[in-house]
Amino acid sequence: MRDRAYGRLMTTTIELDLDRKLVARAAAVGAEVAKHAARHDAEGTFVEEGLDCLRESGLLALAVPVELGGSGGTIRQVAM
């Protein structure tokens, strides 16, 4: 939404709450992926657990529109 007096974008409390949840979810996924990183690096194997964790967290669907079964996140949310 735009603040007409100043012409800048405003963020609502609801958006900030969702942003915090997304960042927390991404941090949790990162922590889980990190547990397996050294082994995958040493063995040269695919990070299957990381992909599964991303899928289960819903982060893979963040940029997909709701109409197509995704979460309908904004570009800003995806970039965070």
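Anything mentioned here points back to the structure above.
Residues numbered from 1 in each chain as written. Predicted model: local features only at pLDDT ≥ 70, side-chain atom pairs only at ≥ 80, totals over all residues. Heavy atoms only, no water.

## What about the environment of Gly 30?
Consideration 1: Counting through the fold element by element, Gly 30 comes out in helix H1 (residues 13-43).
Consideration 2: Residue classification places Gly 30 among the partly exposed residues on the basis of a relative accessible area of 35%.
Consideration 3: Gly 30 sits 20 residues away from Gly 50 along the chain, and the two C-alpha atoms are 8.2 Å apart. (Helix = DSSP H or I, 4+ residues; strand = E, 2+ residues; numbered from the N terminus. Buried < 20%, exposed > 50% of the residue type's maximum accessible area, 1.4 Å probe, protein only.)

## A look at the pattern of salt bridges
A side chain of one charge can pair with a side chain of the opposite charge when the charged atoms of the two come close.
Consideration 1: Counted by the stated rule, this structure contains 6 salt bridges.
Consideration 2: Residue Asp 17 pairs with Lys 21 through a salt bridge whose shortest N-O separation is 3.4 Å. Taken together, the residues span about one helical turn, with Asp 17 and Lys 21 both in helix H1 at a distance of 4 residues.
Consideration 3: Of the charged contacts in the structure, one is a salt bridge between Glu 49 and Arg 39, with a shortest N-O distance of 2.6 Å. Of this pair, Glu 49 sits in helix H2 (residues 48-57) while Arg 39 is found in helix H1, placing the two residues 10 residues apart along the sequence.
Consideration 4: The class for Arg 39 is partly exposed, based on a relative accessible area of 35%.
Consideration 5: Bridged by salt links that share partners, the residues Arg 39, Glu 43 and Glu 49 form one connected network. (Salt bridge = Lys/Arg side-chain N within 4 Å of Asp/Glu carboxyl O.)

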